[in-house]
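Observations on chain architecture
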Amino acid sequence: MNRRPVTLRYKSFKSRTAKDINVHPYFLKQYNSRWYLLAAPDGYDNIATYALDRILTVSLWKAKYRPSNVDFDELFADTIGVTLNPDDKVERVVLKIAAKRYPYVETKPFSERQRIVKKEDDSVTISFPMKVNFELISEILSFGSDIEVVEPLSLRKEISRQIAILANNYLTVQKDCTPS
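Notes on the structure follow. (Residues numbered from 1 in each chain as written. Predicted model: local features only at pLDDT ≥ 70, side-chain atom pairs only at ≥ 80, totals over all residues. Heavy atoms only, no water.)

What to know about a nonpolar patch on the surface
Together, Leu-28, Trp-35 and Leu-52 make up an exposed nonpolar region whose accessible area comes to about 300 Å². The topology assignment puts Leu-28 in strand S2 (residues 19-31). (Patch = residues over 30% accessible without salt bridge, like charges linked within 9 Å, V, L, I, M, F, W, Y side chains within 5 Å. Areas by Shrake-Rupley, 256 points an atom, 1.4 Å probe, with all protein chains shown as cover. Salt bridge = Lys/Arg side-chain N within 4 Å of Asp/Glu carboxyl O. Helix = DSSP H or I, 4+ residues; strand = E, 2+ residues; numbered from the N terminus.)

Structure representation (structure tokens):
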């Protein structure tokens with residue numbers, strides 16, 4: 001392996017301009033039809049995530065390569081997607097899924113460690129260890145009314161908050177569409 005630090009010319013969706021970032025690249029990960037580079041930015045110990053489609057150029061950076069001792073398979077074992085927060089803890093997630101939608105979860109599970117807790121005629125309840133992040137929340141919301149977060153309470157509250165915002169968006173549209 002050519003372990004070499006590089007300079008990325010990177011333009012995030014949040015930034016108006018591109019910037020040069022010196023990094024020590026470690027790992028490539030694919031999620032949701034996009035590829036991401038995980039690397040340590042110069043001067044930091046943390047791992048940052050850079051979407052490949054936002055990297056404008058890559059050039060060698062003349063510095064000593066700083067290897068990582070992170071086991072990336074282990075790091076992502078209980079994570080959906082690529083959003084990493086070192087303070088996030090693995091929690092027991094319990095989801096109640098409508099029986100008609102469960103085959104989708106069975107064939108494309110939230111986690112390899114997913115287990116059935118209860119099977120009823122109209123629903124299947126599953127549990128798995130997971131770090132709660134943006135991607136997990138998005139995945140849960142994609143099931144609409146066919147899913148309910150049972151645990152943890154913090155995730156249940158966040159999903160409820162997101163649903164309230166979503167409902168408010170549509171209530172506003174409904175008012176705007178009401179005939180005079």
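Resuming the write-up.
With respect to the nonpolar core
Most often, soluble globular proteins have nonpolar side chains that are buried together. Grouped together as the largest cluster of nonpolar side chains are 19 residues, with contacts concentrated most on Leu-95, Phe-110, Ile-126, Leu-136, Ile-140 and Leu-155. Considering every element that reaches this core, the biggest residue donor is strand S8 (residues 123-131), with four residues. Among all residues touching Leu-95, those that are not within four sequence positions of it are Phe-110, Val-124, Thr-125, Ile-126, Phe-128, Ile-140, Ile-147, Glu-148 and Val-149. Counting residues in hydrophobic clusters, the runner-up holds 13 residues, among them Val-6, Val-23, Tyr-36 and Ala-39. (Core = buried A, V, L, I, M, F, W, Y, C linked by side-chain atoms within 4.5 Å. Buried < 20%, exposed > 50% of the residue type's maximum accessible area, 1.4 Å probe, protein only. Contact = heavy atoms within 4.5 Å.)

Quick word on the environment of Thr-17
As for its position among the elements, Thr-17 is in the loop between strand S1 (6-10) and S2. In contact with Thr-17, other than residues within four places in its own chain, are Tyr-10 and Lys-11.

Digging into the pattern of salt bridges
Enumeration over the complete set of coordinates arrives at nine salt bridges. Note that Arg-156 is salt-bridged to Glu-148, the shortest N-O span being 2.9 Å. We classify Glu-148 as partly exposed; its relative accessible area is 34%. What you see here is one network of salt bridges that share partners, running through Arg-34, Asp-53 and Arg-54.

So, the sheet that holds strand S9 (residues 147-151)
Taken in spatial order, the four strands make up an open sheet running S7-S8-S6-S9, and their pairing is antiparallel. Either end of the sheet is taken by a strand with one partner, and the two such strands are strand S7 (115-119) and S9. Direction aside, neighbouring strands of the sheet carry axes that sit 30° apart on average. Pairing of S7 with S8 involves four bridges; the strand directions are antiparallel. Bridging across to S8, Arg-115 finds its partner in Ser-127. (Pairing = 2+ DSSP bridges. Axes fitted to C-alpha atoms, helices over the stretch in contact; angles between N-to-C directions.)

Things to note about the side chain of Asp-78
Inspection of the secondary structure puts Asp-78 in the loop between helix H1 (72-75) and strand S6 (90-98). Every residue in contact with Asp-78, bar those within four places of it in the chain, is listed here: Val-90, Arg-113, Pro-129, Met-130 and Lys-131.

A closer look at unusual backbone geometry
For the bond running from Glu-151 to Pro-152, omega is -10°, close enough to zero to count as cis. Inspection of the secondary structure puts Pro-152 in the loop between S9 and helix H4 (153-177). Phi angles above zero are rare outside glycine, and Asn-32 is one such case at about 55°. In this structure, Ser-33 is a non-glycine residue whose phi angle is positive, near 65°. In this fold, Ser-33 is placed in the loop between S2 and strand S3 (34-41).

Points about the pairing of S8
Most of S8 is tucked away, with eight of its nine residues classed as buried. Here nine bridges tie S6 to S8, and the two strands are oriented antiparallel to one another. Counterpart to Ala-98 in the pairing with S8 is Ser-123. As consecutive antiparallel partners, S7 and S8 are separated by three residues.

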